[in-house]
Amino acid sequence: MKSPVEQYIQKAKNWQEEMTLLRSILLECNLTEVIKWGKPCYTLNDKNIVIIQDFKNHCDLGFFNGASLTDLKQLLIKPGVHTQSVRQFRFYDLEDIKKKRALIKAYVKEAIENEKKGIKITVEDIPAIEPVNELNIIFKKNKLFEKAFNKLTPGRQRAYHMFFAAAKQSETRISRIEKFIPRILDGKGMTDCTCGLSKRMPTCDGSHKYLKIK
């Protein structure tokens, strides 16, 4: 029987060969393979080291503590303006991964050693994000929703604020907010488990995609 990661790669529309090769490299590094956030994730003593991600234009290895890596060749990419620790090693074809196989393994091994030594970057204070106007309007109409939102942890609130603000059109922002109202009323963050199947509660690990509910 195929593992959840093998099933994930088999079902992927793109980057199957690339992800298969990346997976083999990571398994050679003696990391534990699981599905988290619906993606193949590799851990050491339950600590996240790296995750395989497939996007439309590239696939990559996302290093959770990538900012701590030496990266002398400056190959790692900061995925977002507000990102602090995570860095991506991006790939655009199979040959690129083959050529960089030894280099990829070196980055992974450094990430493992950093985790063993407890090396972390100093996280900077993140400025507060102002709620989009549409959220404030809905708050005025739905006080129960406002109360539930304010009870969320700062990290969960920030994730929602960033997601809502990323929409360019007001209609889209309203649609996004309304879609997540039930989840927020349940006290859930954007990536929290809502089905009860996750083995990494409260975070969703993608288990709902592979386990059958009887």
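Structural notes, computed from the coordinates. Note that this is a predicted model, so its numbers are computed, not measured.

**Here's the deal with the nonpolar core**
- Ranked by internal contacts, the top residues of the largest apolar core, which has 32 residues, are Leu 31, Leu 61, Phe 63 and Ile 104.
- Elements with a minimum of two residues in this core: α1 (4–11), α2 (16–27), β2 (39–44), β3 (47–54), β4 (59–63), β6 (87–91), α3 (94–99) and α4 (101–117).
- Core analysis: the second largest hydrophobic core is formed by 14 residues, Ile 138, Phe 139, Phe 145 and Phe 149 among them.

**Quick notes on the packing of aromatic side chains**
- Counted under the stated rule, the structure contains 11 aromatic pairs.
- Considering the side-chain rings of Phe 89 and Phe 91, the 4.7 Å spacing of their centres and the 25° angle between planes classify their relative orientation as stacked.
- Note on Phe 163 and Phe 164: the rings are 6.2 Å apart at their centroids and 55° apart in plane angle, and the pair reads as tilted.
- Chaining the aromatic ring pairs together yields one cluster made of Phe 139, Phe 145, Phe 149, Tyr 160, Phe 163, Phe 164 and Phe 180.
- Over the face of the ring belonging to Phe 163 we find Arg 176, whose NZ or CZ atom lies 4.2 Å from the ring centre.

Conventions adopted
Residues numbered from 1 in each chain as written. Predicted model: local features only at pLDDT ≥ 70, side-chain atom pairs only at ≥ 80, totals over all residues. Heavy atoms only, no water. Core = buried A, V, L, I, M, F, W, Y, C linked by side-chain atoms within 4.5 Å. Buried < 20%, exposed > 50% of the residue type's maximum accessible area, 1.4 Å probe, protein only. Helix = DSSP H or I, 4+ residues; strand = E, 2+ residues; numbered from the N terminus. Phe/Tyr/Trp six-rings, centres within 6.5 Å; stacked < 30°, edge-to-face > 60°. Lys NZ or Arg CZ within 6 Å of the ring centre and 35° of its normal.

Functional significance is not addressed by these values, which are geometric in nature.
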